[in-house]
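Working through the structure, step by step
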Amino acid sequence: MSAPAVERGRLARSKAGRDKGRLCVVVEVVDEDFVLTCDGRLRTFDRPKKKRKKHLQPLIARNGDIAAGRTIEDHTLRSWIREEEEKLVQV
């Protein structure tokens, strides 16, 4: 099984930078090297973080609302990330 692609709506873990180890969601693909990510807490939809794709570890989980291009509330994003993180810990 190959690794999931870094695409809009994909949950990912940061591999480098100040946010190393934190979970975030890809909200937009800028170009072949960069994406915009947010976590609903430090990086909200209003001010996403520009990050290199190679500094992200994509995970299986994907948020359908973000993938469809819809904006969701930051508190909803935080709770979704928390739920997915609990699923990862259980596995």
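Below or above, wherever it landed, is the structure these notes cover. (Residues numbered from 1 in each chain as written. Predicted model: local features only at pLDDT ≥ 70, side-chain atom pairs only at ≥ 80, totals over all residues. Heavy atoms only, no water.)

1. Remarks on the pattern of salt bridges
The following threshold applies: Throughout this description, the term salt bridge denotes a Lys or Arg side-chain nitrogen within 4 Å of a carboxyl oxygen of Asp or Glu. Working definition: helices are DSSP H or I runs of at least four residues, strands are E runs of at least two. Numbering for both runs from the N terminus. Residue exposure (1.4 Å probe, protein chains only): buried if accessible area is under 20% of the type maximum, exposed if over 50%, otherwise partly exposed.
Applying the stated criterion across every chain yields a total of six salt bridges. Asp19 serves as the salt-bridge partner of Lys51, at 3.1 Å between the closest nitrogen and oxygen. With Lys51 in strand S4 (residues 49-52) and Asp19 in the loop between strand S1 (10-14) and strand S2 (23-29), this residue pair connects regions lying 32 residues apart in the sequence. When its relative accessible area of 5% is taken as the criterion, Lys51 is described as buried. A salt bridge links Arg70 to Asp65, with the nearest nitrogen and oxygen atoms 2.9 Å apart. In this structure Arg70 comes out as partly exposed when scored by relative accessible area, which is 47%. Here Asp65 falls in the partly exposed class, since its relative accessible area comes to 33%.

2. Structural notes on helix H2 (residues 74-90)
Our working definition: To estimate how far a helix should extend, the number of its residues minus one is multiplied by 1.5 Å. The reported arc concerns the directions from the helix axis to the C-beta atoms and nothing else. Here, two residues are considered to be in contact whenever any of their heavy atoms come within 4.5 Å of each other.
Its 17 residues place the ends of H2 25 Å apart at the C-alpha level, agreeing with the 24 Å of an ideal helix rising 1.5 Å per residue. Among all positions in H2, only Asp74, Leu77, Trp80, Ile81 and Glu84 are buried. The buried side chains of H2 occupy one side of the element, clustering within an arc of 125° when seen end-on. Residues of H2 that are exposed and angled more than 90 degrees away from the buried face: Val89 and Gln90. The inward-facing, buried residues of H2 contact S1, S2, strand S3 (34-38), strand S5 (56-62) and helix H1 (64-67).

That's the geometry; what it means functionally is another story.
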